[in-house]
Protein chains: 2
Amino acid sequence: MAESTAGVLAQLREVLGESGVRDTPDDNLPDIILKPETTEQVSQVLKICSAAQQALVPLGGKTGLANGHFQTGSEFGLSLERMNAIEEIDPHNRTMTVQAGCILQVATEAAEEQGLLLPLDLGARGSATVGGNVATNAGGNMVIRYGMTRDMVLGLEVVLADGTVVTNLNKLLKNNTGYDLRQWFIGAEGTLGVITRVVFRLRPQPKSQNTALLAVDKFADVAALLHRLDSQTAGTLSAFEVMWPEFYEFVTREEGMHKAPLPHGSAHYVLVETQGSEPEADAERFENVLSDAMEAGLIADAVLTHSQAERNALWEIRDDVLGFFSLGPIVPFDISVTIDQMEPFVEDIRSAAARLDDSICVFFGHLGDSNLHVILGNREPANFDYEAIQELLYGTVEKYQGSVSAEHGIGLSKRDQLHRSRSDAELQLMVGLKQMLDPQNILNPNKIFTAAQIASA
Amino acid sequence: MAESTAGVLAQLREVLGESGVRDTPDDNLPDIILKPETTEQVSQVLKICSAAQQALVPLGGKTGLANGHFQTGSEFGLSLERMNAIEEIDPHNRTMTVQAGCILQVATEAAEEQGLLLPLDLGARGSATVGGNVATNAGGNMVIRYGMTRDMVLGLEVVLADGTVVTNLNKLLKNNTGYDLRQWFIGAEGTLGVITRVVFRLRPQPKSQNTALLAVDKFADVAALLHRLDSQTAGTLSAFEVMWPEFYEFVTREEGMHKAPLPHGSAHYVLVETQGSEPEADAERFENVLSDAMEAGLIADAVLTHSQAERNALWEIRDDVLGFFSLGPIVPFDISVTIDQMEPFVEDIRSAAARLDDSICVFFGHLGDSNLHVILGNREPANFDYEAIQELLYGTVEKYQGSVSAEHGIGLSKRDQLHRSRSDAELQLMVGLKQMLDPQNILNPNKIFTAAQIASA
């Protein structure tokens, strides 16, 4: 029998104090947010909530794009914001041990001060927490070189639904001792346990960055260029971002905020970057590789940056997604399709969108990772049909056997699309682990799976 | 009620034919080996064995060093050797789809023919299968740059204990669609499912290799050198192998097979290698980085290689582990300790070994991955005490909070040491997944966990 909410809150106040239990007015977030300061408090909160069958939404920076942090019923929020300490940066083993609530940018800057790199960078860096990054297996701008968050996590501390604390703050690169439990919780979006501490692998801070914007005439050349640069820049290629003209030409329009570094009219614009260890030699190599590719006919036009300001200006163009929201109601999508399927995929979406009234249809993405972002919508709100747009996009993803989520996760907003990328057998295995670790379904319920899916399995 | 063995064998012969069910005379391997040719046959075998509660040992190349392929009771062997096709090498997406029974070297050579790299290399390359490599999350010689097997697996097909086929031959680098099921089976040593097909991520084939052997006077310099080279060779450092004098001086002794490229008498010998894309410039950079490190006092002596033959000669020294077996009864160990703890760890083991009669005590390893190999034994067989040697080694690993298995897995031979590196809470979670996926404990029973551990959980 579940206890009364008032009774549960009284117990939680005893553990967390008055300041640890707060009301929030936000429409989408849980009404009540719990703010533990220690792993022990997280454990006690889970014991209380487990006994009372009180569901929880673990909260990081609340910047997730799949609404994994939304309230769906009477869940409390469990915010890790007060557990934000960087506990250790270990220069000998090149690791950082950090509490889950630490803001990503705080963590990356702390590494940088020690001459080290936490190679995770994404738009929400100033608000997202490292715990949220791990829980969603965040991607970002350097995946092509360093992998996703999963690839930089060496150790984890997790609190299970029943309050059990599982601590494995491993610093070893190689550790084949039984099942790799870390992997269960990375990317599970808070549905299997609450991540309280993380050990990250750090890398040497690069000493040089070389950045260019390239105009490319056709998609086959974009793909060839990716492989060519990957081969010729041995391990140093850190970004290969592609903008289709609908993106580039809008962001660099005359009345806009950004000057166009290359003229409009090309089929593709590619932002490439390498990170190396020898500033002079790296710059020379970068120019040589690009000029060879130009001679080979793969690049139609190029602009290289020669200062941090110029480099920032290129990245600001690539990052300026917000401007599209001024055009009308839009939906930004995050999907993957294999590189050989990307051109027909884009053409299919484009033609389907063209048949809608006054549609908005924009493509850009981390092409080196087979990850496309697509923006679909309408200039006139009256014509906007959210369901139709979703069906158009995800139906095409399914047709091309792509992924309905490349880097944003499933959360609430993609939950009903998950079957397009995962078989029944796979979904059943996932639900099995969920039932094993959270038999009462109190950890972020209704995310990834519906309660009915879990109950019927 | 379990069926009679004869009845089960009759059913299996019906599925696999006479040639698919063989007796084997090997002492350690299962007496009967099943040899399916298709995933569908694997599924049927598992259905039959599941119904009859007949346990199976999945078999790859039988080269594992933790005896995960041994028979422990009346298990049948399930060899994937006839499922050895390379189904596809996809140059657009740089992936290889391969059946589990393919020999590792066959797979790496097939990639090489397409100008691509499957960055997995280890001593058993000529016999080990890719399915075994995935099942054990094999490490090897390039982990410092490319990671372990886990890091190169994009997709998997697995057959569960009840015969369910779970196929996810994903080729996408980014795919955040629910729990990452691949990770459950990678490194699970055949205890959770039978891996039948794998999609590997391939990399560009490097165009240059630069290799050197360095003499270093003290361990602090070895650690400093690792960080210095890692920083100064931007993403191209592919090996950092350390030999202690007990290893190097024996392998390069006057009456032995290898000429000593550097004189005896140093505290450490380091084999370093980079893989790049510009042969001339890379060689120059490699020499510059090393000569700077020498000027900084980190390197006492060095020999650079100028041909593939010279390069091979260095690697043959590092790989010549077999010679130690001629000294007397020995046990080779594979463990990890953090780099800052490695020197006291080595000293502790050395002093303890010195207190034994006529002991053999040798250290070498993939230091860039915090992975040490230790050989312990006695010249006089009468003095050899396996239990005492294990206790000496693993007790010290536990004291230094190291890992009892860096890259070889747990299997049978490290099963009783697993508790030294994993907490009860972790072991309980592992057993939970085992029970969920293999409720009758028919998949590689007695490996990683005892039957009693599983039954009592």
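Because the structure is a prediction, the values reported are computed rather than measured.

What counts and what doesn't
- Counting of residues starts from 1 at the beginning of each chain's written sequence and follows it residue by residue.
- In the order they appear in the text, chains get letters beginning with A and ligands get numbers beginning with 1.
- Note on the predicted model: pLDDT of at least 70 is required for a residue's local features to be given, and 80 or more for side-chain atom pairs to be given and counted; whole-chain, interface and lining totals, by contrast, use all residues.
- Helix and strand assignments follow DSSP, with helices taken as H or I runs no shorter than four residues and strands as E runs no shorter than two, numbered in order from the N terminus.
- Placing C-beta atoms from the backbone, we regard two residues as in contact once those atoms come within 7 Å.
- The residue classification treats Ala, Val, Leu, Ile, Met, Phe, Trp, Tyr, Cys and Pro as nonpolar and Asp, Glu, Lys and Arg as charged. All others, Gly included, are polar.
- Exposure classification rests on a simple neighbour count of other C-beta atoms within 10 Å of a residue's own: a residue reaching 20 or more is buried, one at 12 or fewer is exposed, and one in between is partly exposed. C-beta atoms are placed from the backbone.
- Only residues with pLDDT of at least 70 in both copies count here: their C-alpha atoms drive the least-squares fit that superposes the copies.
- DSSP-based pairing: two strands are paired if at least 2 bridges between them are found.
- Each axis is a line fitted through C-alpha atoms, taken for helices only over the stretch in contact, and angles between the N-to-C directions span 0 to 180 degrees.
- Between 65 and 115 degrees an angle is taken as roughly perpendicular, under 35 as roughly parallel, over 145 as roughly antiparallel, and anywhere else as oblique.
- Handedness of each helix crossing follows the sense of rotation of the near helix against the far helix: counterclockwise by less than a right angle gives left-handed, clockwise gives right-handed.
- The split of the chain into domains comes from an automatic or database domain assignment.
- Given the number of residues in a helix, its expected span is that number minus one, multiplied by 1.5 Å.
- As used here, the arc is the angular range of directions from the helix axis to the C-beta atoms.

1. Overview of unusual backbone geometry
Thought 1: A positive phi angle, close to 55°, is found at Gln53 of chain A, a residue other than glycine.
Thought 2: Note on placement: Gln53 of chain A falls in the loop between helix H2 (39–52) and strand E3 (56–59).
Thought 3: Even without a glycine there, the phi angle at Glu189 of chain B is positive, about 55°.
Thought 4: In this structure, Glu189 of chain B sits in the loop between helix H6 (182–185) and strand E10 (194–201).

2. Some thoughts on the interface of chain B and chain A
Thought 1: Counting residues at the interface gives 63 residues for chain B and 63 residues for chain A.
Thought 2: Here the side of chain B that touches chain A takes 7 residues from helix H13 (residues 424–437) of chain B, the largest share from any one element.
Thought 3: When grouped by side-chain class, the residues that make up the side of chain B that touches chain A number 23 nonpolar, 30 polar and 10 charged.

3. Focus on the environment of Gln53 of chain A
Thought 1: Residue class for Gln53 of chain A comes out partly exposed when judged on the 13 C-beta atoms lying within 10 Å of it.
Thought 2: Note: C-alpha distance between Gln53 of chain A and Thr236 of chain A (183 residues apart in sequence) is 50 Å.

4. Side note on the relation of the copies chain B and chain A
Thought 1: When chain B is fitted to chain A, the best match, at an RMSD of 0.0 Å, comes from turning it 180° and sliding it 0.0 Å along the axis. Classification of the inter-copy transformation places it as that of a two-fold axis. Closest approach to the rotation axis within chain B is made by the C-alpha atom of Gly235 of chain B, at a distance of 2.4 Å.
Thought 2: A share of 100% of the interface residues of chain B reappears at the interface of chain A, consistent with the copies meeting face to face through the same patch.

5. Focus on the sheet that holds strand E13 (residues 237–243) of chain A
Residues and elements named next belong to chain A.
Thought 1: Here we have 7 strands laid out as an open sheet, ordered E15-E12-E14-E13-E17-E18-E16, and antiparallel in their pairing. Every interior strand has two partners, whereas the edge strands, strand E15 (301–304) and strand E16 (330–336), have only one. On average, adjacent strands in this sheet sit at an angle of 15° to one another, irrespective of strand direction.
Thought 2: Inspection of the sheet shows strand E12 (residues 208–216) paired to strand E14 (residues 268–276) by 9 bridges, in the antiparallel sense. Paired with Ala212 across the bridge in E14 is Val272.
Thought 3: Strands in contact with helix H11 (residues 339–354) are strand E17 (359–366) and strand E18 (371–378); relative to E17, the strand with the most contacts, it is inclined by about 160°.

6. With respect to the sheet that holds strand E6 (residues 95–99) of chain A
Residues and elements named next belong to chain A.
Thought 1: The strand order across the open sheet built from 5 strands is E5-E6-E10-E8-E9, with neighbouring strands paired in antiparallel fashion. Edge positions in the sheet fall to strand E5 (86–90) and strand E9 (165–168), since each has one partner strand and no second. Averaged over neighbouring strand pairs, the angle between their axes works out to 10° when direction is ignored.
Thought 2: Here 6 bridges tie strand E8 (residues 153–159) to strand E10 (residues 194–201), and the two strands are oriented antiparallel to one another.

7. A word on the packing of H11 of chain A against helix H12 (residues 386–399) of chain A
All names here are of chain A.
Thought 1: Contact geometry of H11 with H12 gives a least axis separation of 10 Å together with a crossing angle of 155°. Here H11 lies roughly antiparallel to H12, going by the angle between them. Crossing angle aside, the handedness with which H11 passes H12 is right-handed. Of H12, the residues touching H11 (which contributes Phe345, Asp348, Ile349 and Ala352) are Leu392, Leu393 and Thr396.
Thought 2: When the residues that make up the contact of H11 with H12 are grouped by side-chain class, the tally is 5 nonpolar, 1 polar and 1 charged.

8. Quick word on the domain arrangement of chain A
Residues and elements named next belong to chain A.
Thought 1: Splitting chain A by domain gives domain 1 (5–79), domain 2 (86–204), domain 3 (208–319), domain 4 (322–415) and domain 5 (416–456).
Thought 2: Contacts between domain 2 and domain 4 engage 7 residues on the former and 9 residues on the latter.
Thought 3: Across the side of domain 2 that touches domain 4, the residue classes tally to 3 nonpolar, 3 polar and 1 charged.

9. Examining helix H10 (residues 308–319) of chain A
Residue and element names in this part refer to chain A.
Thought 1: Spanning 12 residues, H10 covers 16 Å between terminal C-alpha atoms, matching the ideal 16 Å at 1.5 Å per step.
Thought 2: Buried within H10 we find Leu314, Ile317 and Arg318. Looking straight down H10, one finds that the buried residues subtend no more than 100° of arc, so they occupy a single side. What points out from H10, more than 90 degrees from its buried face, is the exposed set Gln308, Ala309 and Glu316.
Thought 3: Those residues of H10 hidden inside the fold are in contact with E12, E13, helix H8 (245–251) and E14.

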